[in-house]
Amino acid sequence: MIKNFFKVAFRNLLRNKGFSFINISGLAIGMASAVLIMLWIQNETSYDQFHEKKDRIYEAWNKAEFSGKLQCWNTTPKILARSMEKDIPEIERSVRVNWPSNFLFSIGDKRLTVKGNIVDTGFLQMFSFPLVKGDPKTALNDGSSIVLTQTLAKKIFGEEDAMGKIIKIDNKDNFTVTGIAKDLPNNTRFNFEYLIPWNYLVRTGGDDSSWGNNSTRTYALLKPGVSIDAANGKLKSIKYQYTKDNDDKKWEMFLYPASRWRLYSNFTNGKEDGGLIDFVKLFAVIALFILLIACINFMNLSTARSEKRAKEVGIRKVVGAQKQSLVSQFIGESVFLAFIAGIFAIIIVQLALPAFGELTDKKLFVDYTDYKFWIYAIGFVFFTGIMAGSYPAFFLSSFNPSKVLKGTFKSANALITPRKLLVVLQFTFAIILIICTTIVKQQIDHARDRESGYAKDNLVYHYLTGDLEKNYELVKDELLSSGIAKSVTKTSAPLTQGWSDSWGFNWEGKPADDKTDFDRYVADENLGATAGLTFIKGRDFDLKKFPTDSSAMIINESAAKVMNFKDPIGQIVKDDDRPYHIVGLIKDFILQSPYYPTKPMIIEGAKNGWFSVMHIKLNGANNTADNLKRMEVIFKKYNTEYPFDCKFVDLEYAAKFKTEERTGTLAAIFAALTIFISCLGLFGLATYMAENRIKEIGVRKVLGASVTGITTLLSKDFLKLVMISFVIASPVAWWMMHQWLQDYPYRVAIQWQVFAFAGLLTFFISLLTVSYQSIKAAIANPVKSLRTE
Amino acid sequence: MIKITDLEKYYRTEEVETIALNKLSIEVKEGEFVAVMGPSGCGKSTLLNILGLLDDPDGGSFVFNGIEVAGFNERKRADLRKKNIGFVFQSFNLIDELTVFENVELPLIYNNVKAADRKKRVEEVLDNLKIMHRRNHYPQQLSGGQQQRVAVARAVVNNPKLILADEPTGNLDSSNGNEVMQLLTELNEKGTTIVMVTHSEHDARYSHRIIRMLDGHSVTENILI
């Protein structure tokens, strides 16, 4: 019997090529999108869940009040780890992980900059990053040991055994390779190519025991079976216990479990408040909807052409088929179709993975060797097949054979209600996505068009690596004298990034309770000229003319407002106890997020001494590539050991829009897919509708109906549905986008034109889809259609 | 074999109730060949549907092979039908996606006959009806007469006790029509009971007895043999 079903299914498939194409391509695209999204979700939800001890691993967080709001963050004092181990018996071990640092590795003549972490020795025992060579218990015990990943080891030493080899770091210290770690999986928060022990930081003066310097991440491993609440109870006031500073009385610390790091760690006023999990949920819904839309096509087309299948149902019933056997036959058919679509879906997924990976900034892949994948795949095919096939199966198998075989059966030639509902559902979803795509795009453009406050063109920066800081004046002179640069300045951070902020400033008339947070920046001289800042009052730093400018300060308008100066020039502002005199007032410029209001900002003179970056305004009269080539020569001359790595400020600035652009692109892709699949279905429906009404059209034409009249008649029903969808979609989309925009203090207003655009676009696309069939039916010769039968 | 007494069937729409069968009583003995005639709308087809267990009567009694079947549910009706009754329709009603062989095989599949037996029996029937050479063709590749032969083959392949024929020659020319009537007669001679609805006096004359219907009940019976 199954063979017989299979035969009918297969021959049906071949006979109705159009129908099969619409169904299979729709389902394949739907399934492929769902699979891609599921891969992403699977990746996101499995972050750092592979550690054997994951249920006992926690990260230490701070909770403290600023300007009336509870803030939570996860950078902690370096002293915390050891204090925690000592004071809290529930903690088995605590491990610090310093910010990823780029080090220059020298091996013989080879030079490369590598990113990795400085960690406490217990790191490899707490986290499951297995070593292919070396012992995780001892690999980091020695102060000059280093663990490399397999890829890095291969990059440096090729096929040679890396164990025991010597690597020179930052031209100073020699490290011996004591372990080779497996490459990191794509679902971990860690991102290192090497690990070196904390001891290195101690030796180089990077360690400190201040409770006020929140600068490292601290992890804790609880003992098996102990209560996290007990541990947290003891940790809560640890800072105050050590500092006895009244300011720290309310300062809390807590341990945050590994299972929540990735998806839930968005805190508002001291409480978890969503995070990535919101995206995971949103995308799960989108995946389900795209699949549903493809399934709806199947349902609609299957029921629309029921007249065709009705005869077969009748005959099968006459010769003895039970209803239930017919239901399983039809569901079997849709599962079969889903299976074929599934094969195409795998091909699509495989082709789309690289692009999708780029879009999501992840290395995603399907592990075809994993039996679990195939179990899920088969389960997915059955799920899709049953979801698509059950409604048509029950619909078709309920036909009364005595009616269909006598030819009195006519499936309603109008759109019957459930089918209407399904079309409305499809287009509602499509219109929502179009509206969202448009508004996301507008928001990005809105922020991009915002005045940044400085001139980004021909502006580049270079980190003060190796000898650059020592040779800075020489490099600068040569850049200027050779005509490569127009202006050069040394700063504490790139102009596109805020590295430092503080509320520890004092000025005359500062209210006692003021805790306003300022962006803090440092420059030697010519910052205004190099970056093209706009001065409202006063002047740029100029150490040649005014040697005292090393203790000068430039503030922005927002800062002047906070400090409430009538004339800021000449005023003294103290950073802790170091006094600076204000020489310039500039217009605000965007240091960090283009979506947020600019913060009050102070720029301190060279006395501060925190220099990490040099900014160079290139001479626009020369060719940029030429400028760079000549620059490289100069940099190589004064900084022989380190690679030349110059960054363009305008590119870095553009990167600020990446997250939103990604959201926009994804929304656009899903919108396009939804529209495409929905229109495929609409096209199919229109085809069958035109076929069913061919006689009616013939009669109407004989009676004098015009082609336009008939086209309108046939298209009207469908377009009505699109309009209903629009009415439902608009408020939903408005609400969704309103919510989304709340995250951006600097945002666009939602305009009615967007809705009109989405509505009209959908209307025209569906009109185009339907009218092809309508016009074809309308211009057909009525003699032909009336002669049949 | 068939005994119906005071059989009633109504069709209701929102506004109108139509009486299709009005206290109809008929008996058909095993081995008989009965023709049912009457004008359009007199209830012939309704009768045939009820006899074929495709439809349930609204009142009265229907005894099939000694069992009262009025009020049987769909499952029980389907079960009885597939074992005992074969159908031949005016419009052949072959499944377009199946070949001649597969169409004829279908009732055997639903009766859970083993594949080897199925092959034997289908071939036997196709051979008897002289359409063996068409076994791998699809219905649309056959002439009307050939299609009806296939339909007859499908009706008899399961050796049913009763064949119900609904205007079996309605879509055929006279020579093809005669051939089909000849086939039915031969089947009847081998012992199969046949009830045939027809408009054609010519076809009716092949039967033993003609039941004439009007407005849902039988008016006269002509016994031909």
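About the cut-offs
- Each chain has its residues counted from 1, following the order in which its sequence is written.
- Labels follow written order: the first chain is A, the first ligand is 1, and so on.
- Given that the model is predicted, a residue must reach a pLDDT of at least 70 before its local features are reported, and side-chain atom pairs must reach 80 or more before they are shown or counted; all residues, however, enter totals for whole chains, interfaces and linings.
- Where side-chain values are given, they derive from all heavy atoms of the structure, hydrogens and water being excluded.
- Elements are defined by DSSP. Helices are runs of H or I of four residues or more, strands are runs of E of two residues or more, and each kind is numbered from the N terminus.
- C-alpha atoms define the radius of gyration, and 2.2 Å times the number of residues to the power 0.38 defines the globule rule.
- The classification of residues rests on relative accessible area computed with a 1.4 Å probe and restricted to protein chains. Under 20% of the type maximum is buried, over 50% is exposed, and intermediate values are partly exposed.
- In what follows, a contact means two residues having at least one pair of non-hydrogen atoms within 4.5 Å.
- In short, Shrake-Rupley with a 1.4 Å probe defines the accessible areas, and a residue's cover is counted only from the protein chains shown.
- For the charge count, each Lys or Arg is scored as positive and each Asp or Glu as negative, with His and the chain ends excluded.
- To locate a charge, take atom NZ for lysine, CZ for arginine, CG for aspartate or CD for glutamate.
- For two strands to pair, DSSP has to find at least two bridges joining them.
- Here an axis means a line fitted to C-alpha atoms, over the contact stretch when the element is a helix, while the angle between two N-to-C directions is reported on a 0 to 180 degree scale.
- By definition here, a helix of n residues has an expected span of 1.5 Å times n minus one.
- Starting at the helix axis, one direction is taken to each C-beta atom, and the arc is that of these directions.
- Defined here as a combined quantity, buried area equals the accessible surface (1.4 Å probe) lost by two parts on assembly, summed across both.
- Here, a salt bridge means any Lys or Arg side-chain nitrogen found within 4 Å of an Asp or Glu carboxyl oxygen.
- In protein, a polar contact requires one atom able to donate a hydrogen and another able to accept it; more generally it is a pair of N or O atoms within 3.5 Å, and residues adjacent in sequence count only if both atoms are side-chain atoms.
- Three categories are distinguished: nonpolar for Ala, Val, Leu, Ile, Met, Phe, Trp, Tyr, Cys and Pro, charged for Asp, Glu, Lys and Arg, and polar for the others, with Gly belonging to the last.
- Pairing of aromatic rings covers Phe, Tyr and the six-membered ring of Trp, with a centre-to-centre limit of 6.5 Å; geometry is then stacked below 30 degrees between planes, edge-to-face above 60, and tilted otherwise.
- Whether a charge sits over a ring depends on NZ of Lys or CZ of Arg being within 6 Å of the ring centre and within 35 degrees of the ring normal.
- As defined here, a cavity is a set of points on a 1 Å grid over the protein atoms alone where a 1.4 Å probe fits but cannot get out. A pocket is an open set with protein on both sides within 12 Å along at least five of seven lines, and residues line them when an atom is within 4 Å of a point.
- Grid points are joined across faces, edges and corners, and a volume is the space filled by probe spheres set on the points.
- Grouping buried Ala, Val, Leu, Ile, Met, Phe, Trp, Tyr and Cys residues that are joined through side-chain atoms within 4.5 Å yields what is termed a nonpolar core.
- Between 65 and 115 degrees an angle is taken as roughly perpendicular, under 35 as roughly parallel, over 145 as roughly antiparallel, and anywhere else as oblique.
- Left-handed describes a crossing whose near helix is turned anticlockwise from the far helix by less than a right angle; the clockwise case is right-handed.

S.K.: Can you help me understand the overall build of chain B in this one?
M.R.: Counting its secondary structure elements, chain B contains seven helices and ten strands. Expected size for 225 residues packed as a compact globule is a radius of gyration near 17 Å; at 17 Å, chain B falls within 12% of this value. Taken along the three principal axes of its C-alpha coordinates, chain B extends 50 × 40 × 35 Å. Counting every position in chain B, which comprises 225 residues, the buried fraction comes to 55%. Taking as baseline every contact in chain B between residues at least 6 positions apart, the subset at least 24 positions apart corresponds to 67%. Summing over all exposed atoms, chain B offers an accessible surface of approximately 9,800 Å²; the carbon and sulfur share of this is 47%. Separation of charge centres in chain B, based on 27 positive and 32 negative side chains, amounts to 6 Å.

S.K.: Looking at this structure, how should I read the pairing of strand β22 (residues 552–556) of chain A?
M.R.: For a regular strand, side-chain orientation follows a simple rule: the groups alternate between the two sheet faces. Residues and elements named next belong to chain A. Most of β22 is tucked away, with five of its five residues classed as buried. The alternating pattern of β22 places Ala-552, Ile-554 and Asn-556 and Met-553 and Ile-555 on opposite faces, both of which are buried. In terms of strand pairing, β22 meets strand β24 (residues 578–586) through five bridges, oriented parallel. Bridge pairing links Ile-555 to Leu-585 in β24. Here β22 pairs with strand β25 (residues 601–604) via three bridges, running antiparallel. Its bridge partner lying in β25, Met-553 is registered against Glu-604.

S.K.: How should the sheet that holds strand β2 (residues 17–28) of chain B be read in this particular structure?
M.R.: One key point about sheets: their strands pair by backbone hydrogen bonds, in either a parallel or an antiparallel sense. Residues and elements named next belong to chain B. Reading across from one edge, β2-β1-β4-β5 is the order of the four strands in this open sheet, with antiparallel pairing throughout. Each edge of the open sheet is held by one strand with a lone partner, namely β2 and β5 (67–68). As paired elements, strand β1 (residues 2–12) and strand β4 (residues 59–64) share five bridges and run antiparallel to each other. Considered in β4, the bridge of Thr-5 is made with Ser-61.

S.K.: Got a minute to help me understand the sheet that holds strand β3 (residues 33–37) of chain B in this structure?
M.R.: Residue and element names in this part refer to chain B. With mixed pairing, the six strands of this open sheet are ordered in space as β6-β7-β8-β3-β9-β10. For this open sheet the edge positions go to β6 (85–88) and β10 (217–223), each flanked by a neighbour on one side alone. Each neighbouring strand pair of the sheet contributes to a mean axis angle of 20°, computed without reference to strand direction. Inspection of the sheet shows β6 paired to strand β7 (residues 162–166) by four bridges, in the parallel sense. Bridge pairing in β7 places Gly-86 opposite Ile-163. Sheet contacts for helix α1 (residues 44–51): β3, β6, β7, β8 (193–197) and β9 (209–214); angle to β7, the most-contacted strand, approximately 155°. Where helix α2 (residues 74–84) meets the sheet, it contacts β6 and β7, and its direction lies at approximately 75° from that of β6.

S.K.: What is the right way to look at helix α4 (residues 115–128) of chain B in this model?
M.R.: Given 3.6 residues per helical turn, the α-helix brings residues three or four places apart onto the same face. Residue and element names in this part refer to chain B. Compared with an ideal rise of 1.5 Å per residue, which puts 14 residues at 20 Å, α4 spans 20 Å between its outermost C-alpha atoms and is within 8% of the ideal. All of the buried residues in α4 are Arg-118, Val-122, Val-125 and Leu-126. Down the axis, α4 shows its buried residues gathered within 100° of arc, on one side only. With respect to the buried face of α4, the exposed residues turned more than 90 degrees away are Ala-116, Lys-120, Asp-127 and Asn-128. Tucked into the core, α4 has its buried residues touching α3 (100–110) and α5 (144–156).

S.K.: Which parts of the structure should I look at to understand α1(B)?
M.R.: All names here are of chain B. Along α1, seven of the eight residues are buried, which leaves the element largely enclosed by surrounding structure. By the burial criterion, the buried members of α1 are Lys-44, Thr-46, Leu-47, Leu-48, Asn-49, Ile-50 and Leu-51. After α1 finishes, the residue Leu-53 shows a positive phi value of roughly 60°.

S.K.: Whenever I open this one, the interface of chain A and chain B confuses me. Can you help?
M.R.: Taken together, the contacts link 28 residues of chain A with 31 residues of chain B. The junction of chain A with chain B conceals about 2,700 Å² of combined surface from both sides, 50% of it contributed by carbon and sulfur atoms. There are two salt bridges connecting chain A and chain B. Among the ionic pairs, A:Arg11 bridges to B:Glu102, the shortest N-O distance being 2.4 Å. At the surface where chain A touches chain B, the tally comes to nine residue pairs in polar contact (both at pLDDT 80 or more). For the side of chain A that touches chain B, the elements supplying multiple residues, two or more each, are α1 (2–15), α11 (306–318), α12 (323–360) and α14 (401–404) of chain A. Taken together, the residues of the side of chain A that touches chain B break down into nine nonpolar, nine polar and ten charged.

S.K.: Explain the packing of aromatic side chains here, please?
M.R.: The description of an aromatic ring pair uses the distance of the two centres, along with the angle that the planes make with each other. Residue and element names in this part refer to chain A. With the rule as written, the count across this model stands at 49 aromatic pairs over all chains. Aromatic pair Tyr-454 and Tyr-653: ring centres 6.4 Å apart, planes at 90°, arrangement edge-to-face. Placement of Tyr-454 in the loop between α15 (417–448) and β16 (459–463) and of Tyr-653 in helix α20 (residues 649–654) is noted, with a sequence separation of 199 residues between them. Taken together, the aromatic side chains of Phe-50, Phe-123, Phe-127, Phe-129, Phe-190, Phe-192, Tyr-219 and Trp-261 make up a single cluster linked through ring pairs. The ring of Tyr-264 has Arg-260 sitting right over it, with the charged end atom 3.9 Å from the ring centre. Over the ring of Phe-546 we find Arg-539, and its NZ or CZ is 3.7 Å from the ring centre.

S.K.: What is the right way to read empty space enclosed by the protein from this model?
M.R.: Over the atoms rolls a probe the size of a water molecule, and in doing so it shows where empty space is left. Residue and element names in this part refer to chain A. Tallied over the entire structure, the rule returns four cavities of 30 Å³ or more. Approximately 210 Å³ is the volume found for the largest cavity. Every residue lining the largest cavity is counted, 18 residues in all, and those nearest its centre are Phe-19, Phe-298, Arg-305, Arg-309 and Glu-333. When residues in the lining of the largest cavity are grouped by element, the largest group, five residues, is from α12.

S.K.: Got a minute to help me understand the pairing of strand β5 (residues 101–107) of chain A in this structure?
M.R.: Residues and elements named next belong to chain A. Most of β5 sits out of view: six of its seven residues are buried. Where β5 and strand β6 (residues 110–119) come together, seven bridges link them in antiparallel fashion. From the neighbouring strand, Ser-106 faces β6, where its bridge partner is Arg-111. With antiparallel pairing between neighbouring strands as the criterion, β5 and β6 make up a hairpin whose turn holds two residues, including Gly-108 at a positive phi of roughly 60°. The sheet contact formed by β5 and strand β9 (residues 166–169) spans two bridges and is antiparallel. Within the sheet, the bridge partner assigned to Ser-106 lies in β9 and is Lys-168.

S.K.: Explain the nonpolar core here, please?
M.R.: Side chains that are nonpolar tend, in soluble globular proteins, to be buried together. Among the nonpolar cores identified, the biggest contains 170 residues, and A:Tyr454, A:Ile603, B:Ile2, B:Ile4, B:Leu47 and B:Phe62 are the most heavily contacted of them. Take this core: its biggest share by element is 16 residues, from α15(A). Non-local contacts of B:Phe62, meaning those with residues more than four positions away in its chain, are made with B:Ile2, B:Lys3, B:Ile4, B:Leu7, B:Ile50, B:Leu51, B:Leu53, B:Ile67, B:Glu68, B:Val69 and B:Ala70. Residues B:Met37, B:Val122, B:Val152 and B:Leu187 belong to the second largest nonpolar core, which totals 36 residues.

S.K.: Sorry if this is basic, but what is going on with the side chain of A:Lys617 here?
M.R.: Residues and elements named next belong to chain A. Inspection of the secondary structure puts Lys-617 in strand β26 (residues 613–618). For Lys-617, the side chain forms a polar contact with the main-chain oxygen of Asp-457, separated by 2.9 Å. Other than its neighbours up to four places away in sequence, Lys-617 contacts Ala-455, Asp-457, Asn-458, Leu-459, Ile-484, Ala-485, Lys-486, Ser-487 and Thr-530.

S.K.: Help me out: how do you make sense of the packing of helix α16 (residues 472–481) of chain A against helix α19 (residues 624–638) of chain A in this one?
M.R.: A pair of packed helices is captured by two measures, namely the crossing angle of their axes and the spacing between those axes. Residues and elements named next belong to chain A. Close contact between α16 and α19 brings their axes to 10 Å; oriented N to C, the two are set at 155°. Classified by the angle between their axes, α16 and α19 sit roughly antiparallel to one another. The interaxial crossing formed by α16 with α19 has right-handed handedness. Here Leu-474, Val-475, Glu-478 and Leu-479 of α16 come into contact with α19, specifically with Met-631, Ile-634, Phe-635, Lys-637 and Tyr-638. Its residues placed into classes, the contact of α16 with α19 shows seven nonpolar, no polar and two charged.

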